[in-house]
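Below, each chain spelled out in residue letters.
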Amino acid sequence: MIVAEWKPIPELLASLKGHKNVLLVGCATCVAECAAGGEREVLTLAPVLKMGLKDQGQEVNIITRTLERQCEPEFVEELAEIAPQVDAIMSLACGIGMQLVAERFIDLPLYPGVNTTSLAIREQPGLWTARCAACGDCMLGETFGLCPVARCAKSLMNGPCGGTRKDGKCEVDENTECIWRLIVERAEAKGRLEDLVKVRPSKNWSNSGHGGPKRMLREDLR
Ligand code: SF4
Ligand code: SF4
């Protein structure tokens with residue numbers, strides 16, 4: 001899922017300074033799963049913002065909505081009726097959903113209520129860890145289903161780096177497993193250690209986004 005987390009409340013209050021009618025809009029999909037932008041979070045944040053602004057001498061009317069998916073135009077269209085009644089929108093969706101809302105309601109200022117952080121799984125209650133960096137050239141088949149792009153601090157193609165701690169954690173973060181150690185262990189368990197001996201060449205980074213915005217075109221779906 002796409003994972004996000006609330007921006008600090010003072011930052012949210014500062015962005016709404018001067019606005020009188022605000023649409024606070026959530027998304028019932030990924031950001032709901034990671035407890036950042038679903039209906040529950042929208043209904044929790046609205047009174048917090050209202051009270052925070054009141055403390056600063058500003059009265060604000062906050063209208064709340066939660067869309068099934070903020071990244072799909074047909075769901076965003078559900079805001080068309082309410083948009084003329086507000087002078088700003090704050091979105092709790094991921095950066096994708098936010099931009100779709102911003103494009104559709106171009107005359108209204110759009111403020112992010114969350115920071116989009118990663119493509120991650122919920123590893124345990126309250127802990128999400130990244131699994132994919134959407135690099136555009138998946139190599140999971142070579143690394144026994146473990147992604148070094150998203151999960152190695154140096155995104156090494158050939159690891160481990162030599163800095164792995166004695167307890168198997170990453171040298172960059174003592175709370176994170178060295179993913180290359182896990183890759184080696186998995187290869188060993190499968191009797192395929194020799195697969196890791198060959199040096200992987202430079203990855204094709206041309207699809208990673210560093211060369212400009214990514215675009216996917218499927219002629220069969222057009
Ligand atoms: S190799 Fe690339 S596409 Fe595959 S999981 Fe890792 S970041 Fe995602
Ligand atoms: S210790 Fe492991 S995970 Fe950390 S940077 Fe080195 S190879 Fe990558």
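Keep in mind that this is a model prediction, so the values were computed, not measured.

1. Structural notes on the pairing of strand S4 (residues 88-91)
- Here strand S2 (residues 21-27) runs beside S4; their pairing, made up of four bridges, is parallel. In the sheet register, Leu23 faces S4, and the bridge partner there is Ile89.
- Judged from the three bridges that link them, S4 and strand S5 (residues 110-112) form a sheet pairing that is parallel. Directly across from Ile89, in S5, lies its bridge partner Leu110.
- Note on the crossover from S4 through helix H5 (residues 95-104) to S5: the handedness is right-handed.

2. Considerations on the nonpolar core
- Residues Ala4, Leu16, Val22, Leu24, Val25, Val31 and Leu92 are the most contacted members of the largest nonpolar core, which totals 37 residues.
- Within the residue set of this core, elements represented by two or more residues are strand S1 (2-6), S2, helix H2 (30-33), helix H3 (39-55), strand S3 (61-67), S4 and H5.
- Take this core: its biggest share by element is five residues, from S2.
- Once residues lying within four places of it in the same chain are set aside, the contact partners of Ala4 are Val31, Cys34, Ala36, Gly37, Cys94, Val114, Asn115, Thr116 and Thr117.

3. What to know about the sheet that holds strand S7 (residues 127-132)
- If you trace the three strands from one edge of the open sheet to the other, you get S1-S6-S7, paired in antiparallel fashion. Strands at the two margins of the open sheet, each flanked by one partner only, are S1 and S7. Across the sheet, the axes of successive neighbouring strands diverge by a mean angle of 70 degrees, strand direction being ignored.
- As paired elements, S1 and strand S6 (residues 114-124) share five bridges and run antiparallel to each other. By the bridge assignment for S6, Ile2 is matched with Leu119.

4. Quick word on helix H7 (residues 179-189)
- Among the residues making up H7, those that are buried are Ile179, Trp180 and Ile183. The buried side chains of H7 occupy one side of the element, clustering within an arc of 100 degrees when seen end-on. Residues of H7 that are exposed and point more than 90 degrees away from the buried face comprise Glu188 and Ala189.
- Next to the buried residues of H7 lie helix H6 (148-151).
- One or two positions beyond H7, positive phi appears at Gly191, with a value near 70 degrees.

5. So, the site of ligand 1
- Taken together, Cys132, Ala133, Ala134, Cys135, Cys138, Met139, Leu140, Cys147, Val149 and Ala150 make up the full set of residues adjacent to ligand 1.
- Class assignment for the residues of the shell around ligand 1 results in ten nonpolar, no polar and no charged.

6. Re the domain arrangement of the protein chain
- Considered domain by domain, the protein chain is made up of domain 1 (2-118) and domain 2 (136-197).
- For domain 1 versus domain 2, the separation of C-alpha centres amounts to 38 Å.

What counts, and at which threshold
- Residues numbered from 1 in each chain as written.
- Chains lettered and ligands numbered in written order.
- Predicted model: local features only at pLDDT ≥ 70, side-chain atom pairs only at ≥ 80, totals over all residues.
- Pairing = 2+ DSSP bridges.
- Helix = DSSP H or I, 4+ residues; strand = E, 2+ residues; numbered from the N terminus.
- Right-handed = clockwise from strand over helix to strand, strands pointing away.
- Core = buried A, V, L, I, M, F, W, Y, C linked by C-beta atoms within 7 Å.
- Buried ≥ 20, exposed ≤ 12 C-beta atoms within 10 Å, placed from the backbone.
- Contact = placed C-beta atoms within 7 Å.
- Axes fitted to C-alpha atoms, helices over the stretch in contact; angles between N-to-C directions.
- Arc of directions from axis to C-beta.
- Near = placed C-beta within 6 Å.
- Nonpolar A, V, L, I, M, F, W, Y, C, P; charged D, E, K, R; others polar.
- Domains from an automatic or database assignment.

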